[in-house]
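Each chain is listed here by its residues.
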Amino acid sequence: MKILSQLAMGVLGAIVALGSVGCETKPTMGEFNVTVSLADGFNPVGSVEVDVVGVQDGRDLVSIEGISVSDYFGAMNPYRRDLDRKIGLVFRADTDREHRIDLTRRGPHYANWKNANVMHLVVLADLSSSGGPDLRRLTLPLDKHRWKRKNLEILIDATKVSSAYAPEPVKN
């Protein structure tokens, strides 16, 4: 009877251990429809350039977050020119107020980004600097476990790039 009890406790312990391991999920790039639009009330006089860039964790993310947005959009910047997985958008006065990017399996960028282990969407806008923290760059995770939605909405106004929605916190 004692052996049977010990065996049952051992099996129960193994089930609990395996259950806790199964709760942790590896980050995986999700499928999203991304809309980048000018905020209501923002009517630029000229054009506004916006780059949407897919980056990997690690060095790629550190590099793009380390460069100043002013330098990034500087004339003939080799870093910007040579970036892989960059989608350039231009908003012109009195024309389109939004651009859509299909980051689903049907879209033209998904396979390339997924194969390159892209895990972050970085949006940079060539806006006037307001001083203080540079809000002209926004970084969002593309981990499918961080979003309860498939539509990501990015808003551009005169001084900043923002997201209409926040990702879910990282689960440990």
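Residues numbered from 1 in each chain as written. Predicted model: local features only at pLDDT ≥ 70, side-chain atom pairs only at ≥ 80, totals over all residues. Heavy atoms only, no water.

As for the sheet that holds strand β6 (residues 137-141)
Right, so step 1: One open sheet holds the 4 strands; their spatial order is β3-β2-β5-β6, and the pairing between them is antiparallel. Only two strands of the sheet have a single neighbouring strand rather than two, namely β3 (86-91) and β6. Averaged over all pairs of adjacent strands, the angle between strand axes in this sheet comes to 15°, irrespective of strand direction.
Right, so step 2: Pairing of strand β2 (residues 48-55) with strand β5 (residues 120-125) involves 6 bridges; the strand directions are antiparallel. (Pairing = 2+ DSSP bridges. Helix = DSSP H or I, 4+ residues; strand = E, 2+ residues; numbered from the N terminus. Axes fitted to C-alpha atoms, helices over the stretch in contact; angles between N-to-C directions.)

Considering the pairing of β3
Right, so step 1: Side chains of β3 alternate between two faces, with I87, L89 and F91 buried and K86, G88 and V90 left unburied.
Right, so step 2: Two elements, β2 and β3, share 6 bridges in a ladder whose sense is antiparallel. For V53, the partnering residue across the bridge sits in β3 and is K86. (Buried < 20%, exposed > 50% of the residue type's maximum accessible area, 1.4 Å probe, protein only.)

Thoughts on the packing of aromatic side chains
Right, so step 1: By the definition in use, this model includes 3 aromatic pairs.
Right, so step 2: For the pair Y72 and F73, a centre-to-centre distance of 4.9 Å together with 85° between the ring planes defines the contact as edge-to-face. In this structure, Y72 and F73 share a single accessibility class: buried.
Right, so step 3: A centroid spacing of 6.4 Å and a plane angle of 70° characterise the contact between Y72 and Y79, whose relative ring orientation is edge-to-face. (Phe/Tyr/Trp six-rings, centres within 6.5 Å; stacked < 30°, edge-to-face > 60°.)

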